[in-house]
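Residue-level listing of the chains:
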Amino acid sequence: MQEETVQINTEYIKLQDLLKFAGVTDTGGMAKEVIQAGEVKVNGEVCTMRGKKLRPGDVAELDGVRLVVE
């Protein structure tokens, strides 16, 4: 599994924005589709809320890519 660290300068980042920002999905629409299809895990659990707020220390996983928020 490929692991990437994503630095944020705000209190949180929304899940769909994280996927797009990290380049895991090309568009926000693609991010919405994979999230609603149940393909994304946040902190080890399937998450279908695209507006889920991720804070430093949270981990999102999709298609063998693990994104660690810092």
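These figures come from a predicted structure and were not determined experimentally.

The rules behind the values
- Residue numbers here run from 1 along each chain, matching the order of that chain's written sequence.
- A pLDDT threshold of at least 70 governs which residues receive local features in this predicted model, and a stricter bar of 80 or more applies before side-chain atom pairs are shown or counted, although totals over entire chains, interfaces and linings include all residues.
- Side-chain calculation: all heavy atoms of the structure are included, whereas hydrogens and water are not.
- The patches reported here contain residues having more than 30% relative accessible area and no salt bridge. Joining distances are 9 Å for like charges and 5 Å for nonpolar side chains (Val, Leu, Ile, Met, Phe, Trp, Tyr).
- For every accessible area listed, the method is Shrake-Rupley and the probe measures 1.4 Å; residues are considered covered only by the protein chains on display.
- Any carboxyl oxygen of Asp or Glu within 4 Å of a side-chain nitrogen of Lys or Arg constitutes a salt bridge here.
- The convention is simple: Lys and Arg are positive, Asp and Glu are negative, and His and the chain ends are not counted.
- Working definition for charges: the position is that of NZ of Lys, CZ of Arg, CG of Asp or CD of Glu.
- Each helix is a run of H or I in the DSSP string that is no shorter than four residues. Each strand is a run of E no shorter than two, and both are numbered from the N terminus.
- Each residue is placed in one exposure class: buried if its accessible area under a 1.4 Å probe, protein chains only, is under 20% of its type's maximum, exposed if it is over 50%, and partly exposed if it falls in between.
- This arc is taken over the directions from the axis of the helix to the C-beta atoms.
- In this description, contact between two residues means that some pair of their heavy atoms is separated by no more than 4.5 Å.
- One bridge is not enough; two strands pair if DSSP finds at least two bridges between them.
- Throughout this description, a polar contact denotes any pair of N or O atoms lying within 3.5 Å of each other; where both atoms belong to protein, one of them has to be capable of donating a hydrogen while the other can accept it, and for residues adjacent in sequence the pair is counted only when both atoms sit in side chains.
- The rule is short: rings of Phe, Tyr and Trp, with Trp giving its six-membered ring, pair when the centres are within 6.5 Å, and they are stacked under 30 degrees, edge-to-face over 60, tilted in between.
- Charges are assigned to positions over rings by a cutoff of 6 Å between ring centre and Lys NZ or Arg CZ, combined with an angular limit of 35 degrees from the ring normal.

Caption draft 1: Molecular detail of a positive patch on the surface. Residues Lys14, Lys32, Arg50 and Lys53 make up a contiguous surface patch of positive charge. Along the chain, Lys32 turns up in helix α2 (residues 28-36).

Caption draft 2: Here's a closer look at the pattern of salt bridges. Applying the stated criterion across every chain, the model contains three salt bridges. In this structure, Glu11 engages Arg55 in a salt bridge whose closest nitrogen and oxygen atoms are separated by 3.5 Å. Taken together, the residues Glu11 in the loop between β1 (2-6) and β2 (13-14) and Arg55 in the loop between β5 (53-54) and β6 (59-62) connect sequence positions 44 residues apart. Judged by its relative accessible area of 34%, Arg55 is partly exposed. A single network of salt bridges, built from pairs that share partners, joins Glu3, Glu61 and Arg66.

Caption draft 3: How the structure looks around α2. Of the positions making up α2, those classed as buried are Ala31, Val34 and Ile35. Here the buried residues of α2 occupy an arc of 100 degrees about the axis, which is enough to place them on one side. Looking at the buried residues of α2, the elements they touch are α1 (15-21) and β6.

Caption draft 4: Geometry of the sheet that holds strand β7 (residues 65-69). Judged by pairing direction, the sheet is mixed, and its five strands sit side by side in the order β1-β7-β6-β3-β4 without closing on themselves. The open sheet has two edge strands with one neighbour each: β1 and β4 (45-46). Across four bridges, β6 lies against β7 in antiparallel orientation. Directly across from Leu62, in β7, lies its bridge partner Val65.

Caption draft 5: Region of interest: the side chain of Thr25. Looking at the element boundaries, Thr25 is found in the loop between α1 and α2. From its side chain, Thr25 meets the backbone oxygen of Thr27 in a polar contact 3.4 Å long. Beyond its immediate stretch of four places on either side in the chain, Thr25 contacts Leu19, Lys20, Met30, Ala31, Val34 and Leu62.

Caption draft 6: How the structure looks around the packing of aromatic side chains. Scanning all chains against the criterion turns up zero aromatic pairs. Positioned above the aromatic ring of Tyr12 is the side chain of Lys53, whose terminal nitrogen or guanidinium carbon lies 4.7 Å from the ring centre.

Caption draft 7: Quick peek at the pairing of β7. Most of β7 sits out of view: four of its five residues are buried. Sheet topology note: the β1/β7 ladder contains five bridges and is parallel. Looking at β7, one finds that Thr5 is bridged to Val68. Remark: two residues form the turn of the hairpin made by β6 and β7, two consecutive strands paired antiparallel; Asp63 in that turn has positive phi of roughly 50 degrees.

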